[in-house]
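# Understanding the architecture of this molecule
Residue-level listing of the chains:
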Amino acid sequence: MRRVAITGIGVISALGKNACEFWSALEQGRSGIAPIETVDRSKLRFQNGGEVHGYCPGDYFEEKHADFIDRFAQFGVIAAREAIRDSGLDRDDIDSESTTIITGSCVGGQCSEDLGFVELYQKDRGRVHPLTIARTMANAGASHISMEFGITGPAYTISTACSSSNHAVGQAYWTVRNGGADVAITGGSEAVFSMGFLKAWEAMRVISPDTCRPFSKDRTGMILGEGGAMLVLEPLDRALARGAKIHAEIVGFGMSADAGHITQPSVEGAARAIRSALRDGGVPPEQVGYINAHGTATQLNDPMETAAIRAVFGEHAGRLAISSTKSMHGHALGAAGALEAVATILALRQGVLPPTAGFRQADPDCDLDVIPNQSRRADVEVAMSNSFAFGGLNAVLAFRRYDASRDRTS
Amino acid sequence: MSDPLTQRVLSCIAATQRISPEKVTIDSSFQELGIDSMDGINILFALENEFDITIPDEQAKQIHSIREMVEGIQKLVAEKSPAQAQGQ
C-alpha cells in the first residue's frame, strides 16, 4: 500500500474564491453567512445563507462555455483549477488514464432544473432549455474537469447527501493507495440556492432563522451554504521525487450505514464510521488532536456527534478539540466534506485550529472542547473530518501532519 | 365527542400517519401513535394545508403532544377566522 499525499488544494465558498481567503476567514473566525441574495428571500421563513459573494461566471468561463455548465459544476471546475495549479503538476502530468476524478454532489444542477420548472409550470411555456439535462446531471462537475484537463482515467460522482464528498475523497484515497491511479482530483461542489430547493428545506424546519451556532445551547438549526473544494492526491514517494509541496497525508477512511431512520442520526452509526477510519489508517485514537465535526447545529446532530466521539475516544475525548467550520461557510451538503477537508488539512499544516463561530452558551449535551469563536495555535499529529448524511450514510476521513524531517530520518 | 375542529385535526393526523382514526384521541401520545420527529413535521405540513394556515417554526418546536397540536391549531385558526374556530 502506498502512502498518499495531498499536494494541491482549491476552494471557492462563502469565505472567498480561493484557499488563501478561505483560510484567512477560518483563522479569524469570520463567518461568510449573510442575507441570501440570489433568491427572493421575502418568500422564505429563513433569510441567511452561505453564498459565494459577488460570484460572476464570466470571471472564470467564456460566456458560451458558461451556458453549458450549472453553477455547481462551475464551482467544481474552479476549485479543480486552483488545486491543480497549487500542486505544481503540468497538464502533461495529468492528461492521462492514470489520473482519476472522483467528485461528490448531493443535488447536482438542481438550480438549472428549478429554472426549467419555472418556465414550464409558472410561466406556462411549453418547453424548457435544451441544456437542462446536461447542466443538471450530478456528474457534470467531474465531466467538465476531465474535459478541461484532458483526463481520461476513471471519473465518477458519488451522491450520498451530506457525506457525498467525504465518500468521494475516501474512494480517491483508496484508489491512489492501491495503485489504481497515480493522481486523483477529488472533492465536491454544490449550488443549493434555488427557490424550490430552499422551500423544501424550509418545510423540514431545520434551518436557523438566525445563524449557525454549532454545539451552542441556543443553537437554532443549520445554515445552507454553497461552493466547491478539490484536492490533488498523489503517492507520497512520487510527490517527494518531483519536489512537490506536501500539505498533509491522508491516512484513513471509514464508512458506515445507520440502518435506522431516514433523517434521525445514530450515535452507533457515527461511531462505527469514526472507528473504521482509525482502523483503516492504523491510527491510535490518542494521536488524534482535532476533529472537524459534522456540527450542523441542528438539535439532533450535535449531541449525537458528541456522544459518538465520546464513545470512540473515551477519556481521550476530553483532550482533543473539535470545531464546526459550518458556522462560517454554511452547510454545503455534497461539498461540505470537501470544504471541511481543506479546513482540516490547512489546520494541520498551519498549526492553527479553526474555531466554532457563533458559539454563545455551553450545552451539557455537547460538552467537548469546541474551540469557541477564536482559533487556537496547536500542533496536531492527526486530524479527522466527519460527515453524517441524511439517510444514515456516514463517511469519516483522517489526515496526518506531514513532517519532512521525520521522513528523512526514517 | 370533541368539537368539529378537534375532529378535523385528529382525522388529519390519522390520515397523514396512515392509522385508523379511532386510534387517535386528544390524549394519545406521539409515542403511542409511533410519531417521530419527521412524522411530526409531515403532520404539521398536512395541518397547514388542511386549515390554510402557517405554523411558525418556533411554535412548532413547542408541540410535544396531540393536545398541544390541537390547541395550537385552534389558536392559529382563531387568529385567521374567529367563526371557523368555533366550528361554525
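What comes next is a walk through the structure. (Residues numbered from 1 in each chain as written. Chains lettered and ligands numbered in written order. Predicted model: local features only at pLDDT ≥ 70, side-chain atom pairs only at ≥ 80, totals over all residues. Heavy atoms only, no water.)

### A few points about the interface of chain B and chain A
The condition that has to hold: Residue contacts follow a heavy-atom distance rule, with two residues in contact if any of their heavy atoms lie within 4.5 Å. Buried area is understood as the total, over both parts, of accessible area removed when two parts are fitted together, assessed with a 1.4 Å probe. For this document, the term salt bridge refers to a Lys or Arg side-chain nitrogen within 4 Å of an Asp or Glu carboxyl oxygen. Polar contact is defined as a pair of N or O atoms within 3.5 Å, subject to the rule that within protein one atom must be able to donate a hydrogen and the other to accept it, and that residues adjacent in sequence are counted only when both atoms are side-chain atoms. Strands are runs of DSSP state E lasting at least two residues, helices are runs of H or I lasting at least four, and both sets are numbered from the N terminus onward. Side-chain classes are defined by residue name, with Ala, Val, Leu, Ile, Met, Phe, Trp, Tyr, Cys and Pro counting as nonpolar, Asp, Glu, Lys and Arg as charged, and the others, Gly among them, as polar.
In this complex, chain B contributes twelve residues to the contact, which on the side of chain A involves ten residues. Regarding the contact of chain B and chain A, the summed buried area is about 920 Å², with carbon and sulfur atoms giving 47% of it. It is Met38, Ile41 and Asp57 of chain B in chain B that bury the most area against chain A; as a group they hold 49% of the surface buried on that side. Connecting chain B to chain A are four salt bridges. For arginine 45 of chain A, the salt bridge identified is with glutamate 48 of chain B, shortest N-O distance 3.0 Å. In this structure, the connection of chain B to chain A is made through seven residue pairs in polar contact (both at pLDDT 80 or more). For the side of chain B that touches chain A, the elements supplying multiple residues, two or more each, are helix H2 (37-51) and helix H3 (57-61) of chain B. Looking at the side of chain B that touches chain A element by element, the count peaks at five residues for H2 of chain B. Across the side of chain B that touches chain A, the residue classes tally to six nonpolar, two polar and four charged.

### Thoughts on the sheet that holds strand S7 (residues 227-235) of chain A
Residues and elements named next belong to chain A. Our working definition: In this analysis, strands are considered paired if DSSP registers two or more bridges between them. Whenever a helix is involved, its axis is fitted only over the stretch in contact; in every case the axis is a line through C-alpha atoms, and angles between N-to-C directions fall within 0 to 180 degrees.
Taken together, ten strands build an open sheet; the order of strands is S5-S4-S6-S7-S1-S8-S14-S13-S9-S10 and the sheet is mixed. Looking along the sheet, the strands with just one partner apiece sit at the ends: strand S5 (155-158) and strand S10 (321-323). The average angle at which neighbouring strand axes cross in this sheet is 25°, direction not considered. With six bridges joining them, strand S4 (residues 99-104) and strand S6 (residues 183-190) adopt parallel strand pairing. Its bridge partner lying in S6, isoleucine 102 is registered against threonine 186. The strands that helix H12 (residues 301-313) touches are strand S9 (288-292), S10 and strand S13 (382-388); relative to S13, the one it contacts most, it runs at about 135°.

### Some remarks on a negative patch on the surface
Residue and element names in this part refer to chain A. For clarity, the cut-off: Residues enter a patch when their relative accessible area is above 30% and they make no salt bridge; the linking distance is 9 Å between like charges and 5 Å between nonpolar side chains (Val, Leu, Ile, Met, Phe, Trp, Tyr). Note on areas: these come from Shrake-Rupley sampling with a 1.4 Å probe, and a residue is covered only by the protein chains present in the view. Here Asp and Glu are counted as negative and Lys and Arg as positive; His is not counted, and neither are the chain ends. Charged side chains are reduced to one point each, which is NZ for Lys, CZ for Arg, CG for Asp and CD for Glu. Per-residue accessibility, obtained with a 1.4 Å probe over protein chains only, is compared with the maximum for each type, and a residue is labelled buried under 20%, exposed over 50%, and partly exposed between these values.
Among the surface-exposed residues, Asp90, Asp92, Asp93 and Asp95 lie close enough to one another that they form a single negatively charged patch. In this structure, aspartate 95 sits in the loop between helix H4 (91-94) and S4. Classification of aspartate 95 by relative accessible area gives partly exposed; the value is 34%.

### Quick notes on the pairing of strand S14 (residues 393-400) of chain A
Residues and elements named next belong to chain A. Within S14, seven of the eight residues are buried, leaving the element largely enclosed by the surrounding structure. In this structure, strand S8 (residues 248-257) lies alongside S14, joined through eight bridges in antiparallel fashion. Within the sheet, the bridge partner assigned to serine 256 lies in S14 and is asparagine 394. Looking at chain direction, S13 and S14 are connected through seven bridges and run antiparallel. Note that in S14 the partner of valine 382 across the bridge is arginine 400. The turn joining S13 and S14, which pair antiparallel and follow one another in sequence, is formed by four residues; a positive phi near 95° is taken by glycine 391.

### Observations concerning the nonpolar core
The nonpolar side chains of a soluble globular protein tend to be buried, and buried together. Residue and element names in this part refer to chain A. Under the convention used in this document: Among buried residues, those of type Ala, Val, Leu, Ile, Met, Phe, Trp, Tyr and Cys that are joined through side-chain atoms within 4.5 Å constitute a nonpolar core.
With 47 residues, the main nonpolar core has Ile6, Phe22, Leu231, Leu233, Ile250, Val342 and Phe399 as its most contacted residues. Among the elements that take part in this core, helix H14 (residues 336-350) stands out by supplying nine residues, more than any other. Discounting residues that sit within four places of it in the chain, leucine 233 has contacts with Val4, Ala5, Ile6, Val169, Ala172, Tyr173, Val176, Asp182, Val183, Ala184, Thr186 and Ile250.

### Some remarks on the pattern of salt bridges
All chains considered together, the criterion is met by 29 salt bridges over all chains. Residue aspartate 369 of chain A pairs with arginine 376 of chain A through a salt bridge whose shortest N-O separation is 2.7 Å. With relative accessibility at 30%, the residue aspartate 369 of chain A sits in the partly exposed group. One network of salt bridges, with partners in common, ties together Arg45 and Arg205 of chain A together with Glu48 and Asp57 of chain B.

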